[in-house]
Amino acid sequence: MKRKVGVIGAGVIGLPTAVNIIENIPDVEVTLISEKFSPNTTGDGSAGWWEPYLIGDNPPLKMKRWGKATWDHLTALLRSEIGADIGIQLVAGYNLYKTFQQAPDWKDEVLGFRQVSRDELLQIFPADTGFNYGWAFTSLVTECSKYLPWLMKRFQKQGGRVQQRRVKTIGELVAEYDVVVNCTGVASYDLVNDKKVIPYKGQLIKVQAPWVTMQISFDDPQDTSYIVRSSDFVVLGGTADAGRWDTDIDPKDGSEIYKRCCKLMPSLKSAKIIGEWAGLRPGRSLIRLEREDMKFGPHTIPVVHNYGHGGSGVTLHWGCAQDATELVRECLQERQKIQSKL
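Since the structure is predicted, the reported quantities are computational estimates derived from the model, not experimental observations.

Draft legend 1. Highlighting helix H1 (residues 14–24). Here H1 lies mainly inside the structure; nine of its 11 residues are buried. Three or more residues of H1 are buried, namely Gly-14, Leu-15, Pro-16, Thr-17, Ala-18, Val-19, Asn-20, Ile-21 and Ile-22.

In structure tokens form, the structure reads like this:
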């Protein structure tokens, strides 16, 4: 008899977790349960740039392991014949600062990391921006609007089931599954009453600017801003408003984003705006990747939590999915031992 696993959440954390479970645990039936699917997830709207961001107080060694596993997974896809079709590409760029910044922990993961001189920056960016320091490196862009549908096909090809449904309490699933995996991001605030979850509202603009061939991230008194090249458009961002639960497009935020990016790259004033987007990053001081045995009346069900990735969902998703899969494996093995004794 197949063991049943329900994965709640079909974004850039939930869907890869479901794929890892169904591909690595034998005799398991996996159902992906979500109210929203691509192209309507938070990941679909993100710029998809591989770089740890809004990571809270997570241990550096865990971050490095999760990030490397994800990097290795994405670069393997990049080298394959389907890399371009599923929205994965290498993009070179700069992170700009007004004060000197030490090299980050992840510098050896990206390609060609180096500190940049002021003379180099003055050749590329307007002098009045005030950025005298920076990093140059090449990293990955993953367009989730292409990557997630491909992962969904991969999941369903393995026999994965899909159910569009809003889960109000995990107790609803006790009678249906042997293990539940919670990958609901900010929704965990209510679903499992986790008040450590903090929404970070992000807003961005999409423009047609084919002459932009690089990524740029830069500190600003108001926010961290960025310009990210994807295959079909350029993303201008952004915001990280802690505690805001709305996903409405804020005209004032949009205007500020546009002005900041155009100041750094004046040619963007000629770009055609083709869309705007806002979504909620699931902030938390520590990513919650652990098992919890939850009790609902006379029933207890093992729940594996995998949420709270801040602005690093794309950066960490595959490594976290692998760890979550091992926790699911342990839960199923324990359950099997208990049942064999009955």
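Draft legend 2. Quick peek at the pattern of salt bridges. On inspection of all chains with the given rule, the structure shows 24 salt bridges. Close ionic contact of Arg-154 with Glu-23 constitutes a salt bridge, the shortest N to O distance being 2.8 Å. Taken as a pair, Arg-154 in helix H5 (residues 144–157) and Glu-23 in helix H1 lie far apart in primary sequence, 131 residues in all. With a relative accessible area of 22%, Arg-154 lands in the partly exposed category. Under the relative-accessibility criterion, Glu-23 is labelled partly exposed at 32%. The closest approach of N and O atoms between Glu-334 and Arg-291, which form a salt bridge, is 2.9 Å.

Draft legend 3. Molecular detail of the environment of Trp-211. Relative to the helices and strands, Trp-211 resides in the loop between strand S8 (198–208) and strand S9 (215–219). Taking the C-alpha atoms as reference, Trp-211 lies 23 Å from Thr-224; in sequence the two are 13 residues apart. If sequence neighbours within four positions are ignored, Trp-211 has contacts with Ser-267, Leu-268, Ser-270 and Ala-271.

Draft legend 4. Layout of the pairing of strand S10 (residues 224–229). Most of S10 is tucked away: five of the six residues are buried. Relative to S10, S9 runs antiparallel, the two sharing four bridges. Across the sheet, residue Phe-218 finds its bridge partner in S10, namely Ser-225. Where S10 and strand S11 (residues 234–237) come together, four bridges link them in antiparallel fashion. Within S11, the residue paired with Tyr-226 across the bridge is Gly-237. The antiparallel pairing of S10 with S11 creates a hairpin that spans four residues between the two strands.

Draft legend 5. Structural context of the packing of H1 against H5. Between H1 and H5, whose axes approach to 10 Å, the crossing angle comes to 25 degrees. Classified by the interaxial angle, the pair formed by H1 and H5 is roughly parallel. For the pair H1 and H5, the crossing hand works out as left-handed. Residues Leu-15, Pro-16, Ala-18, Val-19, Ile-22 and Glu-23 of H1 lie in contact with H5, whose contacting residues are Leu-148, Leu-151, Met-152, Arg-154 and Phe-155.

Draft legend 6. Just the packing of aromatic side chains, in detail. Summed over all chains, the structure comprises 14 aromatic pairs. Here Trp-106 and Phe-113 contribute two aromatic rings whose centre-to-centre distance is 6.4 Å and whose plane-to-plane angle is 85 degrees, an arrangement assigned as edge-to-face. Classification of Trp-106 by relative accessible area gives buried; the value is 12%. According to the relative accessible area criterion, Phe-113 is buried, its value standing at 19%. Taking 5.5 Å as the distance between ring centres and 55 degrees as the angle between the ring planes, the aromatic pair formed by Phe-113 and Trp-135 counts as tilted. Linking Phe-113 in strand S4 (residues 111–116) with Trp-135 in strand S5 (residues 133–142), this pair joins segments that are 22 residues apart in sequence. Ring pairs connect the aromatic residues Trp-49, Trp-50, Trp-71, Tyr-97, Trp-106, Phe-113, Trp-135 and Phe-137, which therefore count as one cluster. Over the ring of Phe-131 we find Lys-98; its NZ or CZ atom is 5.5 Å from the centre of that ring.

Parameters at a glance
Residues numbered from 1 in each chain as written. Predicted model: local features only at pLDDT ≥ 70, side-chain atom pairs only at ≥ 80, totals over all residues. Heavy atoms only, no water. Buried < 20%, exposed > 50% of the residue type's maximum accessible area, 1.4 Å probe, protein only. Helix = DSSP H or I, 4+ residues; strand = E, 2+ residues; numbered from the N terminus. Salt bridge = Lys/Arg side-chain N within 4 Å of Asp/Glu carboxyl O. Contact = heavy atoms within 4.5 Å. Pairing = 2+ DSSP bridges. Axes fitted to C-alpha atoms, helices over the stretch in contact; angles between N-to-C directions. Parallel < 35°, antiparallel > 145°, perpendicular 65-115°, else oblique. Left-handed = near helix turned anticlockwise from the far one by under 90°. Phe/Tyr/Trp six-rings, centres within 6.5 Å; stacked < 30°, edge-to-face > 60°. Lys NZ or Arg CZ within 6 Å of the ring centre and 35° of its normal.

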